[in-house]
Amino acid sequence: MRHLFLILIASATFSALFATQINAKQNDSNVLLAKVYQPGTNVQQYLVSEKFDGVRAVWDGSTFHTRTNHVIAAPAWFTKGLPTTPLDGELWLGHGKFEALSGAVRKDVPIDEEWRGISYMVFELPNATGTFAERAKRIVSIVKLANTPHLKTVKQFKVNDEVTLHKLLKQIVAQGGEGLMLHRADAPYVTGRSDVLLKLKLLYDAEATVVAHTAGQGKYKGKLGALEVETPEGIRFKLGTGFTDAQRENPPTIGSTVTYTYRDKTKAGKPKFASFLRVRNEQ
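Below you will find a few notes about this structure.

Rules of the game
Residues numbered from 1 in each chain as written. Predicted model: local features only at pLDDT ≥ 70, side-chain atom pairs only at ≥ 80, totals over all residues. Heavy atoms only, no water. Helix = DSSP H or I, 4+ residues; strand = E, 2+ residues; numbered from the N terminus. Buried < 20%, exposed > 50% of the residue type's maximum accessible area, 1.4 Å probe, protein only. Expected span 1.5 Å × (residues − 1). Arc of directions from axis to C-beta. Contact = heavy atoms within 4.5 Å. Polar contact = N/O pair within 3.5 Å; in protein donor to acceptor, adjacent residues only side chain to side chain. Salt bridge = Lys/Arg side-chain N within 4 Å of Asp/Glu carboxyl O. Phe/Tyr/Trp six-rings, centres within 6.5 Å; stacked < 30°, edge-to-face > 60°. Pairing = 2+ DSSP bridges. Axes fitted to C-alpha atoms, helices over the stretch in contact; angles between N-to-C directions. 1 Å grid on protein atoms, 1.4 Å probe; cavity = no way out; pocket = protein on both sides within 12 Å on 5 of 7 lines; lining within 4 Å. Points joined across faces, edges and corners; volume = space filled by probe spheres on them. Nonpolar A, V, L, I, M, F, W, Y, C, P; charged D, E, K, R; others polar. Core = buried A, V, L, I, M, F, W, Y, C linked by side-chain atoms within 4.5 Å.

**A short note on the overall build of the protein**
Stage number 1. Looking only at helices and strands, the protein features seven helices and 17 strands.
Stage number 2. A total of 283 residues make up the protein; the buried ones form 43% of that total.

Right, here's the structure in full:
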């Protein structure tokens, strides 16, 4: 009887976890997500912008939401001057300041001082008509009309070839930036993961779900050794680097979504030189 009871609990836990993952994937389809840039892409078909290491935020005209539809509690003074037009962009504090940004936007009750340096970098108009090139021009007009210091347009520009693109990438990274985004200039508004939007980085990043913890050995005895994770495609591998001592003592929970970096993939699809970056910034 006790054995049956434990089985029922495990089954219910798995079902709840599976449902949570399905819901997150469905919610993710409400916004446009990038694929990885591939060599040989015709870059002249795209508008290029800096990839900001911020918190993705959708403005519905009155409230900020994460890409999985959790409310972001922003101070009233921050939202007061924003337009009623729906916007998509990144809350951004500056290069190398993601942790401070994350701490600020995750609070249920915002702290004014923590929001003082945050900007809302707009790169899309949800459900708007026209090509992306046309929508990008509208964004410039909307931001200019709002005349709010922390509301900013993500600058979009053209490049002629891949050589110029990679020179630009190196410049952005040298300045502390994360990489580049390429958005098809002729693309209508779409959602979900699509090759109308590409990301180009010296290091790529992706997300996976934590499915198990591996115990550490040696200096990590009694702490986390590695996370076993599973990608949305069903590929499992271990993340054993990139953790702080505090994270090894209190590792990401099973079922949570983590972001990791990697340099390339094997033929089987496993990431090479994968390293833990952070727990996905969702509430």
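Now that the structure has been shown, the text picks up again.
**Examining helix H6 (residues 162–174)**
Stage number 1. Taking 1.5 Å as the rise per residue, H6 with 13 residues should run 18 Å; its terminal C-alpha atoms sit 18 Å apart, in good agreement.
Stage number 2. Within the span of H6, buried status applies to Leu165, Leu168, Leu169 and Ile172. For H6, the buried positions fall inside an angular range of 105° around the axis, keeping them on one side. When the buried face of H6 is taken as reference, the exposed residues oriented beyond 90 degrees from it are Val163, Lys167, Lys170 and Ala174.
Stage number 3. On the buried face of H6, the contacting elements are strand S2 (46–51), strand S9 (179–184) and strand S10 (192–200).
Stage number 4. Near the N-terminus of H6, the side chain that reaches the backbone nitrogen of valine 163, with its oxygen 3.3 Å away, is that of aspartate 161.

**A short note on the pattern of salt bridges**
Stage number 1. Within the structure shown, the criterion is met by 15 salt bridges.
Stage number 2. Linking glutamate 124 and arginine 135 is a salt bridge whose minimum nitrogen-to-oxygen distance equals 2.8 Å. Here glutamate 124, found in strand S7 (residues 119–124), pairs with arginine 135, found in helix H5 (residues 132–146); they are 11 residues apart in sequence, far enough to count as distant. The same class applies to glutamate 124 as to arginine 135, namely buried.
Stage number 3. A salt bridge links glutamate 228 to arginine 236; the shortest N-O distance between them is 3.5 Å.
Stage number 4. Since its relative accessible area comes to 23%, glutamate 228 is described here as partly exposed.
Stage number 5. On the accessibility criterion, arginine 236 (42% relative accessible area) is partly exposed.

**Some points on the packing of aromatic side chains**
Stage number 1. Going through the model one piece at a time under the given rule, you end up with 10 aromatic pairs.
Stage number 2. Measuring from centroid to centroid gives 5.9 Å for tyrosine 204 and tyrosine 262, while their planes differ by 40°, and the two rings are tilted. On the criterion of sequence distance, the pair formed by tyrosine 204 in strand S11 (residues 204–215) and tyrosine 262 in strand S14 (residues 257–262) is long-range, its members being 58 residues apart.
Stage number 3. Here phenylalanine 243 and phenylalanine 276 contribute two aromatic rings whose centre-to-centre distance is 4.6 Å and whose plane-to-plane angle is 20°, an arrangement assigned as stacked.

**Quick look at the environment of proline 75**
Stage number 1. Residue position: proline 75 is located in the loop between strand S5 (71–72) and helix H2 (76–80).
Stage number 2. For proline 75, a relative accessible area of 3% corresponds to the buried category.
Stage number 3. Spatially, the C-alpha atom of proline 75 lies 9.8 Å from that of arginine 116, the residues being 41 residues apart in sequence.
Stage number 4. If we ignore the near neighbours within four places in the chain, the residues touching proline 75 are Pro110, Asp112 and Trp115.

**A short note on the sheet that holds S2**
Hydrogen bonds between backbone groups are what pair the strands of a sheet, and the pairing can be parallel or antiparallel.
Stage number 1. Reading across from one edge, S1-S10-S9-S2 is the order of the four strands in this open sheet, with mixed pairing throughout. Two strands bound the open sheet, and with one partner strand each, they are strand S1 (32–36) and S2. Shown here is a sheet whose adjacent strand axes are inclined to one another by a mean of 40°, direction ignored.
Stage number 2. Bridge analysis of S2 against S9 gives six bridges, and the strand direction is antiparallel.

**Regarding the sheet that holds strand S17 (residues 275–279)**
Stage number 1. An order of S13-S12-S11-S14-S17 is seen for the five strands of this open sheet, with the pairing classed as antiparallel. For this open sheet the edge positions go to strand S13 (236–239) and S17, each flanked by a neighbour on one side alone. When the angles between neighbouring strand axes are averaged without regard to direction, this sheet yields 45°.
Stage number 2. Relative to S17, S14 runs antiparallel, the two sharing four bridges. Bridge assignment links tyrosine 260 to a residue of S17, and that residue is phenylalanine 276.

**Observations regarding the pairing of S13**
Stage number 1. A one-sided burial pattern is seen for S13, the buried positions being Phe237 and Leu239 and the unburied ones Arg236 and Lys238.
Stage number 2. Here strand S12 (residues 224–230) hands over to S13 after five residues, with glycine 234 in that stretch at a positive phi of 90°.

**A word on the layout of surface pockets**
Stage number 1. Within this model, the second largest pocket holds a volume of roughly 210 Å³.
Stage number 2. Together, 15 residues line the second largest pocket, and Asn30, Val31, Val58, Asn69 and Pro126 are the ones closest to its centre.
Stage number 3. The residue inventory of the lining of the second largest pocket, partitioned by class, reads six nonpolar, six polar and three charged.

**A closer look at the nonpolar core**
Stage number 1. Formed by 27 residues in total, the largest nonpolar core has its most connected members in Leu165, Leu180, Leu182, Leu200, Leu227, Val229 and Leu239.
Stage number 2. Looking at this core, the elements that each hand over two or more residues are S2, H6, S9, S10, S11, S12, S13 and S14.
Stage number 3. Once you skip the residues sitting within four places of it in the chain, valine 229 turns out to touch Ala208, Thr209, Val210, Val211, Ile235, Arg236, Phe237, Leu239 and Val258.

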